[in-house]
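# Geometric and topological summary
Take a look at the letters that make up each chain.
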Amino acid sequence: MNVSRETSERLATYLELLKKWSKKINLVSPASLKDARSRHFADSIQLARLCKESAKTWVDLGSGGGFPGAVVAIVLAEERPDLSMTLVESDQRKCAFLRSVSRETSVPFNVIAKRIEDVAPLKADMLSARALAPLTDLCTFAERHLHKDGTALFPKGAKWVDEVKTAQKKWRFSLQTHTSETSPEAVILEIGELSRA
Ligand SMILES: C[S@@+](CC[C@H](N)C(=O)[O-])C[C@H]1O[C@@H](n2cnc3c(N)ncnc32)[C@H](O)[C@@H]1O
């Protein structure tokens, strides 16, 4: 995705903060920190492209070091100033980091420092979660926080077909798959019309 100079500078600020805070808290696996640009940032930017034009709210669950939610907020800040981003993360120190990213990049997003299950339903138009839980459990979270007409985006690895089959025993949903640009075996699952089977 081509990004403006301002967005590129904001992402660079984010990367510097990620490296600095990673000396004290575990935001991404230490091995992946040196490839953060090509892995965590690139992975997250792909999701920004899938944002629906009509969406006004996006909720990212289990954001950790901000992937994908904080990156999506930064990448869409200029072209989608109407989009409100909320990150839900139970680890207080990670939330302090996420708030510092928002402050230092001047990109507003909400950070809710609670467990997903304890947050009142957010009725999100877009919902995302990366490396958080199996698809069946993500559907439970989406049932709580996704608007009935909303769209969920879940990046998944090579075993995504098995995860979908397992989830379909309990859930009904529309499904579109997008091949990941960062790994040929990985996909982004685009899920809508979620209900219990
Ligand atoms: C493996 S990390 C993934 C972080 C990030 N999404 C990424 O892709 O790098 C999972 C994160 O979800 C958070 N988490 C796990 N269960 C949670 C829950 N029930 N409510 C809120 N956050 C949760 C953890 O604290 C952790 O930061």
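Residues numbered from 1 in each chain as written. Predicted model: local features only at pLDDT ≥ 70, side-chain atom pairs only at ≥ 80, totals over all residues.

- An unreviewed UniProt entry annotates the protein chain as Ribosomal RNA small subunit methyltransferase G originating from Marivita hallyeonensis.
- UniProt lists a comment for the protein chain under the heading Subcellular location (unreviewed entry), and it reads "Cytoplasm".
- Recorded in UniProt under Catalytic activity (unreviewed entry), the annotation for the protein chain is "guanosine(527) in 16S rRNA + S-adenosyl-L-methionine = N(7)-methylguanosine(527) in 16S rRNA + S-adenosyl-L-homocysteine". (UniProt positions renumbered as here; feature names shortened; annotations may be inferred.)

### Thoughts on the packing of helix H6 (residues 135–145) against helix H7 (residues 160–168)
- Running from N to C, H6 and H7 cross one another at 55°; their axes reach a closest spacing of 8 Å. One finds that H6 runs oblique with respect to H7. Note on element contacts: H7 touches H6 through Glu163, Val164, Thr166 and Ala167, opposite Leu135, Thr136 and Cys139.
- Considering only residue class, the contact of H6 with H7 consists of four nonpolar, two polar and one charged. (Axes fitted to C-alpha atoms, helices over the stretch in contact; angles between N-to-C directions. Helix = DSSP H or I, 4+ residues; strand = E, 2+ residues; numbered from the N terminus. Parallel < 35°, antiparallel > 145°, perpendicular 65-115°, else oblique. Contact = placed C-beta atoms within 7 Å. Nonpolar A, V, L, I, M, F, W, Y, C, P; charged D, E, K, R; others polar.)

### A word on the site of the ligand
- In the neighbourhood of the ligand, 17 residues make up the surrounding shell, with Gly62, Gly64, Ser90, Ile116 and Arg130 lying closest.
- Split into classes, the residues belonging to the shell around the ligand amount to six nonpolar, five polar and six charged. (Near = placed C-beta within 6 Å.)

### Details of the sheet that holds strand S1 (residues 57–61)
- Reading across the sheet, the seven strands line up as S3-S2-S1-S4-S5-S7-S6 and stay open at both edges, with mixed pairing between neighbours. Among the strands making up the open sheet, the edge pair consists of strand S3 (110–112) and strand S6 (171–179). With direction set aside, neighbouring strand axes in the sheet form an average angle of 20°.
- As paired strands, S1 and strand S2 (residues 84–88) are joined by five bridges and run parallel to one another. (Pairing = 2+ DSSP bridges.)

### Details of the packing of helix H1 (residues 5–21) against helix H5 (residues 92–105)
- Contact geometry for H1 and H5: axes closest at 10 Å, N-to-C directions at 145°. Our pair here, H1 against H5, has a crossing hand that is right-handed. Of H5, the residues touching H1 (which contributes Arg10, Thr13, Tyr14, Leu17 and Trp21) are Phe97, Ser100, Val101, Glu104 and Thr105.
- Residues of the contact of H1 with H5, tallied by class, amount to five nonpolar, three polar and two charged. (Left-handed = near helix turned anticlockwise from the far one by under 90°.)

### Overview of the UniProt feature "binding site: S-adenosyl-L-methionine" (unreviewed entry) in the protein chain
- Look at the UniProt record and you will see "binding site: S-adenosyl-L-methionine" (unreviewed entry) annotated at Gly62, Phe67, Ile116, Glu117 and Arg130.
- Positionally, Glu117 belongs in the loop between S3 and strand S4 (124–129).
- Judged by local crowding, Glu117 falls into the exposed class, with 9 C-beta atoms found within 10 Å.
- Position of Arg130 among the secondary structure elements: in the loop between S4 and H6.
- For Arg130, a count of 21 C-beta atoms within 10 Å translates into the label buried. (Buried ≥ 20, exposed ≤ 12 C-beta atoms within 10 Å, placed from the backbone.)

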